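Residue-level structural notes
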Amino acid sequence: MNFDLENKIKNILKIEKTILDVEYTDAEKKYISPESYLWIKHTKWPVQTYKLLSKVTGISAFPDKNFKHWIEIFKNKGKGIKKRIGVFFKVPFESINYLPINADLYFDKDFVGILLYIIHKQPRVVKFNQIDDLDSFKKIQNEALSLKAINMITHKTVKTPKIISMGVEQGICFFEQELVFAKDLHSLSKNKLKVIYDKVFDFMYKLYLQKGVSLISPKKEEDIICKAVEDYLNTIENGKEIINKYNKLIAEDKKMFVGNIHGDLWLNNILIDENKNKIWIIDWGESNMDYLAKDFRNNPVSAQSLYLRLIEYYKLDVHDIYSLEKQLFIAEFSTITQLISNHIVKRRQDSYFKSKVHACINRMVKLSNL
């Protein structure tokens, strides 16, 4: 066990001592690691581990059943196969490690840790900043406070996990929330996805109105676009065209919707309980005041009706604001600007940096037909 991991485990033990009614012994519990950042309690392979993974919220445990996705992988010469094959088939090839903690699953995600208690009397999720770092501390604190406020919103179909408690232990902020037993949306067809996103955006409409929506000119963000950002984009295919497109849109001097957003409404963070027909929105860690289009981009087809609904509610002149497609483009550019600024200017390393930037680039290319 390396020194960094030892310190992280010590922090977990402090948190568990606070939230769990347990007594610790010197006996170590076996865990297996299917990936460098994911630790799973070792029961009996493969049956018990299979059952454990099948219950886990938001984890793609098994191979993708969508035949079209495998055709795409074949066309792309194998690119994306790791995402589609599922965690389950990776597990047998990893070594056994020993971690003296009670959680069934432990995600070691650099600055943030996530603990899942699946087969406990009270199933729960615990999130915490893994290092004594102000930015990481504030991120966890923001997610806890956002979730606590959002829990107050009622909706017939769409729910959010209930927050149970939050606390601080020697510079480590943590909170616990209920564990939702449901599946993500990766295997659903476009038609089914639209039905679900229609309901999700109906929930978000309630949130937007509760927190308030304002209009802002993206010209104010021009100061953020430093030379490092332009230099980076100029090294990417279609980067120059994207900068030119953005500058033309800014010259129109119209307005963007701004409000309290989820910030990460992708397929992993929306779950469906097929038995109870409930939809759950999880992972509010990116929730902040930002362009609403950063939520809209997750399903532009469903977002169109929400966009028009907001225009009607606030009695806005459509000539004063950007179209949905233009707001989506500007929002993507804003995301890239933030990613590049954090990576280059603040020297904050992000293991998914390039994939995130290129995902934004690909969406902008589609929006503008570059």
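Quick summary incoming for the structure in this document.

The rules behind these values
Residues numbered from 1 in each chain as written. Predicted model: local features only at pLDDT ≥ 70, side-chain atom pairs only at ≥ 80, totals over all residues. Heavy atoms only, no water. Helix = DSSP H or I, 4+ residues; strand = E, 2+ residues; numbered from the N terminus. Expected span 1.5 Å × (residues − 1). Buried < 20%, exposed > 50% of the residue type's maximum accessible area, 1.4 Å probe, protein only. Contact = heavy atoms within 4.5 Å. Polar contact = N/O pair within 3.5 Å; in protein donor to acceptor, adjacent residues only side chain to side chain. Pairing = 2+ DSSP bridges. Axes fitted to C-alpha atoms, helices over the stretch in contact; angles between N-to-C directions. Parallel < 35°, antiparallel > 145°, perpendicular 65-115°, else oblique. Left-handed = near helix turned anticlockwise from the far one by under 90°. Nonpolar A, V, L, I, M, F, W, Y, C, P; charged D, E, K, R; others polar. Core = buried A, V, L, I, M, F, W, Y, C linked by side-chain atoms within 4.5 Å. Salt bridge = Lys/Arg side-chain N within 4 Å of Asp/Glu carboxyl O. Arc of directions from axis to C-beta.

1. Quick look at helix 5 (residues 134-150)
- In a regular helix each residue adds 1.5 Å, so 17 residues correspond to 24 Å; helix 5 covers 24 Å between its end C-alpha atoms and thus fits that length.
- When we look at burial in helix 5, the residues that qualify are S136, F137, I140, E143, A144, S146, L147 and I150.
- Where the residues of helix 5 are buried, they touch strand 5 (112-117), strand 6 (124-129), strand 8 (163-169), strand 9 (172-178) and helix 6 (190-211).
- N-cap assignment for helix 5: the residue whose side-chain oxygen lies 3.2 Å from the backbone N of D135 is D133.

2. Details of the sheet that holds strand 13 (residues 278-281)
- Taken together, three strands build an open sheet; the order of strands is 7-13-12 and the sheet is mixed. Every interior strand has two partners, whereas the edge strands, strand 7 (158-159) and strand 12 (270-273), have only one.
- The sheet contact formed by strand 12 and strand 13 spans four bridges and is antiparallel. Residue pairing across strands places I272 opposite I279, the latter belonging to strand 13.
- The sheet strands contacting helix 6 are strand 7, strand 12 and strand 13, and the helix crosses strand 13 at an angle near 60 degrees.

3. Some words on the packing of helix 6 against helix 10 (residues 300-313)
- Interaxial distance between helix 6 and helix 10 falls to 9 Å at its minimum, and their mutual angle equals 30 degrees. In terms of their interaxial angle, helix 6 and helix 10 are classed as roughly parallel. Two packed elements cross with a definite hand, and for helix 6 against helix 10 that hand is right-handed. Along the contact surface, helix 6 presents K194, Y197, D198, F201, D202, Y205, Y208 and L209, while helix 10 presents V301, S302, A303, L306, R309, L310 and Y313.
- Partitioned by chemical class, the residues of the contact of helix 6 with helix 10 number 10 nonpolar, one polar and four charged.

4. Some remarks on the nonpolar core
- Membership of the largest hydrophobic core comes to 78 residues, with the highest contact counts inside it found for M204, F257, F296, L310 and I361.
- Of all the elements, helix 6 adds the most residues to this core, at 10 residues.
- Sequence-distant contacts of F296, that is, excluding residues within four places in its chain, are made with F201, Y208, F257, A303, L306, L310, L324 and L328.
- Core analysis: the second largest hydrophobic core is formed by 17 residues, I12, L20, W39 and L115 among them.

5. Structural notes on the sheet that holds strand 14 (residues 288-291)
- Strand order in the open sheet formed by three strands is 10-11-14, and the pairing between neighbours is antiparallel. Each having just a single partner strand, strand 10 (214-216) and strand 14 make up the two edges of the open sheet. Adjacent strand axes in the sheet meet at a mean angle of 40 degrees, parallel and antiparallel pairs treated alike.
- In this structure, strand 10 lies alongside strand 11 (residues 256-261), joined through three bridges in antiparallel fashion. Pairing of L215 across the sheet is with F257, part of strand 11.

6. Points about the pattern of salt bridges
- The final tally for this structure, using the stated rule, is 11 salt bridges.
- In this structure, K139 and E286 form a salt bridge, with 2.7 Å as the shortest nitrogen-oxygen distance. Of the two residues, K139 is situated in helix 5 and E286 in the loop between strand 13 and strand 14; the sequence distance between them amounts to 147 residues.
- A relative accessible area of 30% means that K139 is categorised as partly exposed.
- Note that D290 and K294 form a salt bridge whose closest N and O atoms lie 3.0 Å from each other. No difference in accessibility class separates D290 from K294, as the two residues are buried.
- Taken together, the shared-partner salt bridges in this structure form one network comprising K127, E143 and D283.

7. Some points on the environment of E241
- Within the element layout of this structure, E241 appears in helix 8 (residues 239-251).
- Since its relative accessible area comes to 39%, E241 is described here as partly exposed.
- Along the backbone, E241 and V365 are 124 residues apart, and their C-alpha atoms lie at a distance of 9.2 Å.

8. Things to note about helix 12 (residues 353-368)
- Counted at 1.5 Å a residue, the expected span for helix 12 with its 16 residues is 22 Å, and the 23 Å between its end C-alpha atoms agrees.
- Residues of helix 12 that are buried include every one of F353, V357, C360, I361, M364, V365 and S368, and no others. Buried residues of helix 12, seen end-on, are gathered within an arc of 140 degrees and therefore sit on one face of the element.
- N369, located one to two residues past helix 12, shows a positive phi value of around 55 degrees.

9. Description of the pairing of strand 11
- Of all six residues making up strand 11, six are buried, and the element is well covered by its neighbours.
- Relative to strand 14, strand 11 runs antiparallel, the two sharing four bridges. Paired with G259 across the bridge in strand 14 is D290.

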